[in-house]
Amino acid sequence: MEQPEIDPADLLDRLRDEDRILRWEPLAPSSVRRPTGSGQVRSGADLAYLHEHWALPDAFDPAVAGGGIRGRIVALVGRATFRVLGPYLREERALLGHLVRVNDALEQRCDTLTLRCEQLEQDMIDRQVAEAANLAELALWLQRDPQGPGGARSTPEPAHE
Amino acid sequence: MSERPRAAVLATHWSNGTEGGWFTRQVAGALAHGADVHVITPDGSSPGVSADGAFTLHRMATPVTPAMELRTELLSSALAAVPTGSRRTSSPDLTGLLRPELLDPWEDAVEVLDGLHPDLVLVVGLHTLGAVAALDRHDPELPMVLVALAEEREALGFPHVARVVDRASSVLVVTDAERTAVGAVRPDAPTRVVGAPLAANPSARTEPNAWVDGSEYVFVLTAASEDEDCTENDLARLLRVRFPDRTIAVSHRDAFCVWHGGEVRRGWPIERSSDLERLLAWADTTVDLRPGGLFARTCITSMLHGTPIIVPSGSRAEQHARRGSGGLWFRGAAELARCVDAMCSPSVRDPLGRQGRNYAEREFGHTGAFVERVLTACALLDPEPVCG
């Protein structure tokens, strides 16, 4: 549908009339945004590798020994070695498991804090820009001609919470 | 076949660099449809005759130096500062003071005119008294048409201006606003509004706009440097602070700045007319803060692309916004902010853009009509059929 034609002179008159009504008010305190992301994995590939590889082998794999007499000797030595070192390897595996979990938790905490920092910085900039715009609005309102057809300048409303 | 008439165009400068220079070339081009056009100018570093497109260019190499122009400008500013009612319009001292600028560069023009024997002379500029003097010495009866070039801030109170206007059988002006300015010197001046031939370049809108991301921005034009302390920059600053959620693209003399959300991206100044036109075509609104000018060509180009304009009240551009209903005009900072605020709404912006485009196409979009108006104003010529 065709939009109605506009007479700029009429429009300007209307704007000037509207200008005599207070259009400025103090900015309400801005609500600080809550962090939106639950986790931000910055080194996802490394963490995934840790999760997949932290469980080291706890027994000798005969397949790697090969065949023949040489293979049998290697398998024999391998089994003996794992049997002797078994308790230490299990302890080490448990330790690695704990280290991976701690690493995981630290990573998540770091990401949360980074996100929060970025949001706070952006909130501060947004607020600063909004304050400047609002001050400009106030300056324009103060600058306008107080003598309209209605007479005196309107008074500011109380500040909003 | 009858011989084509010969027209001489006497112009202080022959270049496209200003609105006046561009318009002069358009008038000469229109004249070339009905006459052989010879351009006589003090410009040039060495005297000579050469072809320049459809014209024959006679360079006298007696140019008005920058120092002379500065002197004229200073005197014009001083005179413009005097209230109109108290101006002395008949003082011979001012003309004497400006003699080096007004008369000396045109000393050799008589000789050129004697050699040409033109049927008609076009004098370019209200201050071109030297050209009129040369014309009178050549043939005081020869018809003369004046291309006024009465700029917005022109000091028209010089006595020699009235003399130049009085000598003309027709005074060509671009707009009604310019006609009013000439009428202030001589109310009965035979002015003819001829408009100007302008067309929107379609590729300006179809090619990508590399200057500003996206197409929703307010394009602010200033004539000042970015760091200059002046009203234009104050207004531009106000807009980008007042409308942080809008993209405000500001063209300065030495930089192009794109503001959004309190952050700025700086770039090279806009130098090519094609870049300027692209920015005008892609913008939501054009805010032209630049003072002066002959007929606000940039604003017309903006309107041809359907981009509404916001301009200072009382400027030449106001005529386009008012008559063409293609934009708004402001009297101060507060009104400027209100106008931009109103333009943010498509229900205001779109109709104004559409109305402005209709006006600009009607008034300035027809080259053929412009040529015919020029030829008609130069009544001695027998115009050939005009195409376009």
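Because the structure is a prediction, the values reported are computed rather than measured.

**Examining the overall build of chain A**
At step 1: When helices and strands are tallied, chain A shows three helices and zero strands.
At step 2: Helices (α) and strands (β) of chain A occur, in sequence order from the N terminus, as α-α-α.
At step 3: Relative to its full complement of 161 residues, chain A shows a buried share of 3%.

**Here's the deal with helix α7 (residues 159–167) of chain B**
At step 1: Listed as buried for α7 of chain B are His 160, Val 161, Val 164 and Val 165 of chain B. Buried residues along α7 of chain B cover an arc of 140 degrees about the axis, so they all sit on one side.

**A look at the sheet that holds strand β12 (residues 263–267) of chain B**
Residue and element names in this part refer to chain B.
At step 1: The mixed open sheet is built from seven strands, whose spatial order is β12-β11-β10-β9-β13-β14-β15. Each of the sheet's edge strands pairs with one partner strand only, and the pair in question is β12 and β15 (327–330). The mean inter-strand angle of the sheet, taken between neighbouring strand axes irrespective of direction, is 20 degrees.
At step 2: Sheet topology places strand β11 (residues 256–260) next to β12; five bridges connect them, and they run antiparallel. Residue Trp 259 lies in a different strand from β12, and its bridge partner there is Val 264.
At step 3: Relative to strand β10 (residues 247–251), helix α10 (residues 231–242) is tilted by about 165 degrees, and along the sheet it contacts β9 (217–221), β10 and β11.

**Observations concerning the interface of chain A and chain B**
At step 1: Each side of the interface is counted separately: chain A has 21 residues, and chain B has 22 residues.
At step 2: Only α1 (8–19) and α3 (68–143) of chain A provide two or more residues apiece to the side of chain A that touches chain B.
At step 3: The biggest single contributor to the side of chain A that touches chain B is α3 of chain A, with nine residues.

**A few points about the packing of helix α1 (residues 19–31) of chain B against helix α16 (residues 367–377) of chain B**
Residues and elements named next belong to chain B.
At step 1: Running from amino to carboxyl end, α1 crosses α16 at an angle of 80 degrees, the nearest separation of the two axes being 9 Å. The orientation of α1 relative to α16 falls into the category roughly perpendicular. The residues of α16 that touch α1, namely those facing Val 27, Ala 30 and Leu 31, are Phe 370, Val 371, Val 374 and Leu 375.

Each value, and the rule that gives it
- Residues numbered from 1 in each chain as written.
- Chains lettered and ligands numbered in written order.
- Predicted model: local features only at pLDDT ≥ 70, side-chain atom pairs only at ≥ 80, totals over all residues.
- Helix = DSSP H or I, 4+ residues; strand = E, 2+ residues; numbered from the N terminus.
- Buried ≥ 20, exposed ≤ 12 C-beta atoms within 10 Å, placed from the backbone.
- Arc of directions from axis to C-beta.
- Pairing = 2+ DSSP bridges.
- Axes fitted to C-alpha atoms, helices over the stretch in contact; angles between N-to-C directions.
- Contact = placed C-beta atoms within 7 Å.
- Parallel < 35°, antiparallel > 145°, perpendicular 65-115°, else oblique.

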